[in-house]
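Chains, contacts and geometry: an overview
Take a look at the letters that make up each chain.
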Amino acid sequence: MSRRRYPIPNPRGQGYIVRWRTSEGHHRQRTFLRKRDAEDFVNELGYNRRRDASYDPARGRILLADYWPRFLAGLESRDGAPPAPSTIDLYRTHARLWVIDGLRLPEESRLGPRRLCDLTPEHVRAWRAAMREAGAGEPTVNACTRLLKAVLNRAVADGRIFRSPAQAVRNPAADPDGGMRVLEPEQVRALADAHPERYRALVFLLAYRGLRIGEAAALKVGDLDLMRGRVRVDESLSDTYGLGATKTRRTRTVTLPPFPRPARGARGAVLRPEGSRGLRVHPTAGRTAQHPELPAPSVRPARAQRPSRPRAHGARPS
């Protein structure tokens, strides 16, 4: 890389030229009117060269579909542990339908048959537009974009490409309608009253203490301290993967809200009703429980004031 003063025929007088050689061996040059601009560009080239030390253009001549298994093999969560099986299954589904194989996309919009070094931001934008035309909703488009960015960022870290082509593509705000919907106490009470009595304690527990539905389904008698009003959460139950660790892989203790607590002398009468499958808190503790299927409330609020698909997870922010 070299820099020298060079007379340039322009009305402002002399300019400054920067010459350098790329990692492929090609010579390049660029002219600047101000010395300060030329020096800033030289500093930027130096930074890029240090970053480019492990970059090998030949390694980027691999198809995105061929690089995908290597990405999955090295995938890990933020704490360094292997990701949950449900996360891997979700990634594989997105890859099969949209990101890699693109079974629901026209062939010209699929990214899997393209080489990493050939991908451009234009390809990524066209791919997102094709997803919308194929009927994918915005949550799916955004989730697949995040997955594609993770794959390409890994390729950058591996020295296969210099810059991610998805870097300039941004997802819209996660909640464009004004943020997460939170139920008022009166709405939580109405929701609990609309369910059979055996499910009301579960509704209050989900709404006021933020348990996930799998965590509530995995509770055992030994996890409850009804005298002190505490619940230990250390497991989660899934229909597909059975009993396992929580999403964060951590144990936490939450306090029971005052509503579902039994009166003194009625130990477990509310949280352990006869025939309840919502909690694994019953006389035969240790038996595997199924995911609670909450029946639909008999009285529903207006459609404009409720989500299109009411789910137990939606009560958590309350």
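Below you will find a few notes about this structure. (Residues numbered from 1 in each chain as written. Predicted model: local features only at pLDDT ≥ 70, side-chain atom pairs only at ≥ 80, totals over all residues. Heavy atoms only, no water.)

**Side note on the overall build of the chain**
Let me state the cut-off plainly: Each helix is a run of H or I in the DSSP string that is no shorter than four residues. Each strand is a run of E no shorter than two, and both are numbered from the N terminus. Each residue's exposure class comes from its accessible area (1.4 Å probe, protein chains only) as a fraction of the maximum for that residue type: buried when under 20%, exposed when over 50%, partly exposed otherwise. In this description, contact between two residues means that some pair of their heavy atoms is separated by no more than 4.5 Å. To measure how exposed things are, a 1.4 Å probe is used in the Shrake-Rupley method; for residues, cover is taken only from the protein chains shown.
Of regular secondary structure, the chain possesses eight helices and eight strands. When the 318 residues of the chain are sorted by exposure, 36% land in the buried category. When contacts within the chain are restricted to residue pairs at least 6 apart in sequence, long-range pairs at least 24 apart make up 54% of them. As presented, the chain carries roughly 19,800 Å² of accessible surface, and 48% of it is formed by carbon and sulfur atoms.

**Things to note about the pattern of salt bridges**
Using the following cut-off: We define a salt bridge as a side-chain nitrogen of Lys or Arg found within 4 Å of a carboxyl oxygen belonging to Asp or Glu.
Taken as a whole and judged by the stated rule, the model has nine salt bridges. Here Arg 252 makes a salt bridge to Glu 215, at a shortest N to O gap of 2.7 Å. One end of the pair, Arg 252, is in strand E8 (residues 252-255); the other, Glu 215, is in helix H8 (residues 213-217), with 37 residues separating them in the sequence. The class of Glu 215 is buried, set by a relative accessible area of 1%. Each of Lys 220, Asp 223, Arg 232, Asp 234 and Glu 235 takes part in salt bridges that share partners, so that together they form one network.

**What to know about the packing of helix H2 (residues 64-73) against helix H3 (residues 85-99)**
Put simply, the rule reads: For every element, the axis is a line fit to its C-alpha atoms; helices are fit only across the contacting stretch, and the angle between N-to-C directions ranges from 0 to 180 degrees. Roughly parallel means an angle under 35 degrees; roughly antiparallel means over 145; roughly perpendicular covers 65 to 115; every other angle is labelled oblique.
Between H2 and H3, whose axes approach to 12 Å, the crossing angle comes to 170 degrees. As summarised for this structure, H2 and H3 are arranged roughly antiparallel, according to the angle between their axes. Here Leu 64, Trp 68 and Leu 72 of H2 lie close against H3, whose contacting residues are Tyr 91, Arg 92, Ala 95 and Val 99.

**Thoughts on the packing of H3 against helix H5 (residues 138-157)**
Put simply, the rule reads: In this classification, the charged set is Asp, Glu, Lys and Arg, the nonpolar set is Ala, Val, Leu, Ile, Met, Phe, Trp, Tyr, Cys and Pro, and all remaining amino acids, among them Gly, are polar.
Contact pair H3 / H5: the axes reach a minimum separation of 10 Å and the direction vectors enclose 100 degrees. Viewed along their axes, H3 and H5 adopt a mutual orientation that is roughly perpendicular. Residues Tyr 91, His 94, Ala 95, Trp 98 and Val 99 of H3 form the contact with H5, whose own contacting residues are Thr 140, Ala 143, Cys 144, Leu 147 and Leu 148. When grouped by side-chain class, the residues that make up the contact of H3 with H5 number eight nonpolar, two polar and no charged.

**A look at the nonpolar core**
As a reminder, the rule being used: For the purposes of this section, nonpolar cores are sets of buried Ala, Val, Leu, Ile, Met, Phe, Trp, Tyr and Cys residues that join through side-chain atoms within 4.5 Å.
The biggest cluster of nonpolar side chains holds 33 residues, and the ones touching the most others in it are Leu 116 and Trp 127. Counting only elements with at least two residues in this core, the list comes to H2, H3, helix H4 (121-133) and H5. Residue contributions to this core peak at eight residues, all from H5. Setting aside its immediate chain neighbours within four residues, Trp 127 contacts Trp 98, Val 99, Leu 105, Ser 109, Leu 111, Cys 144, Thr 145 and Leu 148. Counting 14 residues, the second largest nonpolar core, distinct from the first, contains Leu 211, Leu 219, Val 231 and Leu 256.

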